[in-house]
Amino acid sequence: MSEVKSSDWPLWEVFIRSKSGLHHKHVGSLHAADSDMAIENARDVYTRRSEGISIWVVESKHISASNSSESASLFEPADDKVYRHPTFYDIPKEVGHM
Amino acid sequence: MDIKEALFKYTLRLGDNSLILGHRLSEWCGHGPILEQDIALINVALDLIGQSRSYLAYAGEIEGKGRDEDAMAYLRVERDFYNVLLAEQPNGDFGRTIARQFFFDVFHFLLLEKLTSSTDEQIAAIAVKSLKEVTYHLRYSSEWIIRLGDGTEESHRRIQESIDELWMYTGEMFEMDEVDETLIGVGIATDLSALKPLWEEKVSEVLKEATLNQPESGWMQSGGRKGIHSEHLGFLLSELQYLQRTVPNAKW
């Protein structure tokens, strides 16, 4: 196990759709040499217990993330704006689940 | 040879191939070259062991002496196992395991394709279920043959060595005897000689893509299907059967 450094293979993020109609959801990451191998590895690592019907993989380096040090300016302004949640309306029964 | 006797032996051969190769792969658990491949190999092992359970349980039914799948797996002696010699060969390095797997997967895939239309409903049903699993096994091992062959100088050299050394175990997969002939007559078994050219075609296609040399068909090892095994099977069985031999009927 020590001979192969996991850093030899890039890291991939894995997204699984659990059933038709649902969106792909991030489930974790893994190492693979290329996208074909990443999908196979994802199949073996993340769908062994029938978790999915579709797999997306993307190399981790292609993901841009927000900076946690900016979270105050990015997210806190929304905290006092509860009216953005549609909880002030009575939803007619016919509309069903929203 | 009557059909019942032939079917019993035929089913054991199918079950033993899966059991012994599955057990070999299970030896990789916790030792894979990388976590993802460790899990991949063990998934294949679990598929094969699952298949062997169906076959061995069925063999017990055919025999009608009250032996269940556990009795078949844990309490038979070496001479009563009928897997091909290829299945019992040691894992070696990762490439050796992949080469063994690839040779077997191509054969297994072609065989199961035929067995899905076996006139024996049980054999056909197991084949239908197994074929989906084995389609993936073949994809997995073929891709790795190509990656290793067309990889680095070292991976190329090592996988070529494994291909060359395991080659002499590939002929036995297509051997037929009275068991096969009896069952081919009633549409239960399939004619393996018809599969051989297809096997060679697929193997040669993958080896070519992997930039590997296909060995000359030379002298082939033989014996497993008749219960005459290489020295490796005894060691494998002593580990596989240890618990049931030491603590008979142990359950958890």
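The structure presented is a predicted model; accordingly, all values stated were derived computationally and were not measured.

**So, the nonpolar core**
And step 1. With 90 residues, the main nonpolar core has Phe103, Ile145 and Trp199 of chain B as its most contacted residues.
And step 2. Residue contacts for Phe103 of chain B: discarding those within four places in its chain leaves Leu86, Ile163, Leu166, Trp167, Thr170, Met173, Trp199 and Val203 of chain B.

**A look at a negative patch on the surface**
And step 1. Negative charge collects at one region of the surface, where Asp2, Glu5, Glu178 and Glu181 of chain B lie side by side.
And step 2. Take Asp2 of chain B: it is sitting in the segment before helix H1 (3–26).

**Notes on the interface of chain B and chain A**
Quoted interface sizes are often the accessible area lost when the parts come together.
And step 1. With 17 residues of chain B at the contact, the number on the chain A side is 15 residues.
And step 2. Between chain B and chain A lies a buried interface of about 1500 Å² when both sides are counted; carbon and sulfur atoms form 51% of it.
And step 3. In terms of surface lost to chain A, no three residues of chain B exceed Glu36, Tyr136 and Arg147 of chain B, which account for 36% of the buried area on that side.
And step 4. At the surface where chain B touches chain A, the tally comes to two salt bridges.
And step 5. Residue Asp34 of chain A pairs with Arg147 of chain B through a salt bridge whose shortest N-O separation is 2.8 Å.

**A short note on the sheet that holds strand E1 (residues 11–17) of chain A**
Residues and elements named next belong to chain A.
And step 1. With antiparallel pairing, three strands are arranged side by side in an open sheet as E2-E1-E3. Here the strands that pair on one side only, and so sit at the sheet edges, are strand E2 (25–31) and strand E3 (54–59). When strand polarity is set aside, the average angle formed by the axes of neighbouring strands in this sheet is 30 degrees.
And step 2. As paired strands, E1 and E3 are joined by six bridges and run antiparallel to one another. When the sheet's bridge partners are listed, Ile16 is paired in E3 with Ile55.
And step 3. Those strands touched by helix H1 (residues 35–46) are E1, E2 and E3, and its axis lies near 115 degrees from that of E2.

**Regarding the packing of H1 of chain B against helix H10 (residues 232–240) of chain B**
All names here are of chain B.
And step 1. Put simply, H1 and H10 touch, their axes get as near as 11 Å, and they point 75 degrees apart. Regarding the angle of H1 to H10, the classification is roughly perpendicular. Here Leu19, Ile20, His23 and Arg24 of H1 lie close against H10, whose contacting residues are His232, Leu233, Leu236, Leu237, Glu239 and Leu240.

**Overview of the environment of Leu11 of chain A**
Residue and element names in this part refer to chain A.
And step 1. Inspection of the secondary structure puts Leu11 in strand E1.
And step 2. The class of Leu11 is partly exposed, set by a relative accessible area of 34%.
And step 3. Remark: the alpha-carbon pair of Leu11 and Asp34, spanning 23 residues in sequence, is separated by 9.7 Å.
And step 4. Setting aside residues up to four positions removed in sequence, Leu11 forms contacts with Ser29, Leu30, His31, Glu59 and Ser60.

Cut-off values and rules
- Along every chain, residues carry numbers that run from 1 in the direction the sequence is written.
- Lettering of chains starts at A and numbering of ligands starts at 1, both following the order in which they are written.
- Reporting in this predicted model follows two pLDDT cut-offs: at least 70 for local features of residues, and 80 or more for side-chain atom pairs to be given and counted; totals over whole chains, interfaces and linings ignore these cut-offs and use all residues.
- By convention in this description, side-chain values take in all heavy atoms of the structure and omit both hydrogens and water.
- The nonpolar core is taken to be a set of buried Ala, Val, Leu, Ile, Met, Phe, Trp, Tyr and Cys residues, with the residues joined through side-chain atoms within 4.5 Å.
- For the exposure calls, accessible area comes from a 1.4 Å probe over protein chains only, and a residue counts as buried if that area is under 20% of its type's maximum, exposed if over 50%, partly exposed in between.
- Two residues qualify as a contact provided that any one of their heavy atoms is within 4.5 Å of a heavy atom in the partner residue.
- Patches here: salt-bridge-free residues with over 30% relative accessible area, like charges joined within 9 Å, nonpolar side chains (Val, Leu, Ile, Met, Phe, Trp, Tyr) joined within 5 Å.
- Every accessible area reported is derived by Shrake-Rupley at a probe size of 1.4 Å, with residue values counting cover from the shown protein chains alone.
- In the sections that follow, a salt bridge refers to a side-chain nitrogen of Lys or Arg positioned within 4 Å of a carboxyl oxygen of Asp or Glu.
- The charged-residue count follows a simple rule in which Lys and Arg add positive charge and Asp and Glu add negative charge, with His and chain termini not counted at all.
- By convention, charge coordinates are those of NZ in Lys, CZ in Arg, CG in Asp, or CD in Glu.
- Only runs of H or I of at least four residues qualify as helices and only runs of E of at least two qualify as strands under DSSP, and these elements are numbered from the N terminus.
- Buried surface area refers to the total accessible area, computed with a probe of radius 1.4 Å, that the two partners give up upon joining, counted for both partners together.
- Any two strands between which DSSP finds at least two bridges are classified as paired.
- Fitting a line to C-alpha atoms yields each axis, with helices limited to the stretch in contact; the angle taken between N-to-C directions then spans 0 to 180 degrees.
- Between 65 and 115 degrees an angle is taken as roughly perpendicular, under 35 as roughly parallel, over 145 as roughly antiparallel, and anywhere else as oblique.

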